[in-house]
Amino acid sequence: MTATHTRPATAKQEWATGLTAFGAVMLFLVGLLDIFRGIMAIAEDDIFLTTDNYVFEFDLTGWGWVHLALGAVALIVSFGLFKAATWARVAGVAIAGLVIIANFLSLPYYPVWSVTMITISGFIIWALCVVRRGDVFDLSEEGSAYMEGSEYGQRPGYGERRPYEKRPPA
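This report concerns the structure included in the present document.

Helix and strand content of the protein: 4 helices and 0 strands. Mapped in sequence order, the helices and strands of the protein form the string α-α-α-α. By residue count, 37% of the 170 residues in the protein fall in the buried class. When the accessible surface of the protein is split by element, carbon and sulfur atoms take 66% of a total near 10600 Å².

Here it is, written out as structure tokens:
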């Protein structure tokens, strides 16, 4: 058996990796749901409300294309987030911001869903902005760096000792 030497993961790095994974999964879901919303709007489904005298009035089919395009780009960017790419974090914040704006402008057509998507997109922006660049592991690898070298690829449980830990003074 060979020993692999990797830098030990800190709690901060594990937290950063978890937040980035959260942002990636939520951006994927927002993209997928925006694609479905775009398809429903393009098909002019009866689920949408029609309002008179709305300042940002736009054709329902036009909103459908906007949501379809944003959803497709959000899906692509979410895959980049799983690779912990810096460009994907920047693009993820931008796409989530555009999703917030698009949902705000189409608020009268589907109000409850728009508010839900605005909230989720706000959490995506928070998750992607809180993490520093050097703290994130590549999420696409089979195991993270803290799992390498542990028995059976499992994370050491509570009370088990990791090889890099030092004993406290007695």
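Turning next to the nonpolar core. Judged by nonpolar contacts, the single largest core of 18 residues is most densely connected at Leu27, Val30, Leu81, Ile95 and Ile124. Those residues in contact with Leu27 that lie beyond four places of it in its chain are Ala74, Val77, Ser78, Leu81, Gly92, Ile95 and Ile124.

A separate point is helix H3 (residues 86-105). Turn by turn, an α-helix covers 3.6 residues, leaving residues three or four places apart pointing in a common direction. Here H3 is 20 residues long and its end C-alpha atoms lie 29 Å apart, about the 28 Å a rise of 1.5 Å per residue gives. If you check which residues of H3 are buried, you get Ala88, Arg89, Gly92, Ile95, Ala96, Val99, Ala102 and Asn103. For H3, the angular spread of buried residues about the axis comes to 150 degrees, placing them on one side. In H3, the exposed residues that point more than 90 degrees away from the buried face are Trp87 and Val90.

Next up on the list: the packing of H3 against helix H4 (residues 111-130). Relative to each other, H3 and H4 sit at 160 degrees, their axes nearing to 9 Å. Classified by the angle their axes make, H3 and H4 are roughly antiparallel. In the packing of H3 onto H4, the handedness of the crossing is left-handed. Residues Arg89, Gly92, Val93, Ala96, Gly97, Val99, Ile100, Asn103 and Phe104 of H3 form the contact with H4, whose own contacting residues are Ser114, Met117, Ile118, Ser121, Gly122, Ile124, Ile125, Leu128 and Cys129. Across the contact of H3 with H4, the residue classes tally to 11 nonpolar, 6 polar and 1 charged.

The subject of this paragraph is the side chain of Asp34. Here Asp34 lies in helix H1 (residues 11-42). Although Asp34 is buried, it forms no salt bridge, and the closest oppositely charged side chain is Arg37 at an N-O distance of 5.0 Å. Apart from the residues lying within four places of it in its own chain, the contact partners of Asp34 are His67, Leu68, Leu70, Gly71, Val99 and Met117.

This part covers the environment of Ser106. Along the chain, Ser106 turns up in the loop between H3 and H4. The class for Ser106 is buried, based on a relative accessible area of 1%. Here the alpha-carbon distance between Ser106 and Trp63, two residues 43 residues apart in the chain, equals 7.3 Å. Within the local environment of Ser106, its side chain forms a polar contact with the side chain of Arg37, the two groups lying 3.1 Å apart.

With that settled, the discussion passes to the packing of aromatic side chains. This structure, assessed with the given rule, holds 1 aromatic pair. For the pair Phe28 and Phe79, a centre-to-centre distance of 5.8 Å together with 65 degrees between the ring planes defines the contact as edge-to-face. Of the two residues, Phe28 is situated in helix H1 and Phe79 in helix H2 (residues 60-82); the sequence distance between them amounts to 51 residues. We classify Phe28 as partly exposed; its relative accessible area is 28%.

Basis of the calculations
Residues numbered from 1 in each chain as written. Predicted model: local features only at pLDDT ≥ 70, side-chain atom pairs only at ≥ 80, totals over all residues. Heavy atoms only, no water. Helix = DSSP H or I, 4+ residues; strand = E, 2+ residues; numbered from the N terminus. Buried < 20%, exposed > 50% of the residue type's maximum accessible area, 1.4 Å probe, protein only. Areas by Shrake-Rupley, 256 points an atom, 1.4 Å probe, with all protein chains shown as cover. Core = buried A, V, L, I, M, F, W, Y, C linked by side-chain atoms within 4.5 Å. Contact = heavy atoms within 4.5 Å. Expected span 1.5 Å × (residues − 1). Arc of directions from axis to C-beta. Axes fitted to C-alpha atoms, helices over the stretch in contact; angles between N-to-C directions. Parallel < 35°, antiparallel > 145°, perpendicular 65-115°, else oblique. Left-handed = near helix turned anticlockwise from the far one by under 90°. Nonpolar A, V, L, I, M, F, W, Y, C, P; charged D, E, K, R; others polar. Lys, Arg positive; Asp, Glu negative; His and termini not counted. Salt bridge = Lys/Arg side-chain N within 4 Å of Asp/Glu carboxyl O. Polar contact = N/O pair within 3.5 Å; in protein donor to acceptor, adjacent residues only side chain to side chain. Phe/Tyr/Trp six-rings, centres within 6.5 Å; stacked < 30°, edge-to-face > 60°.

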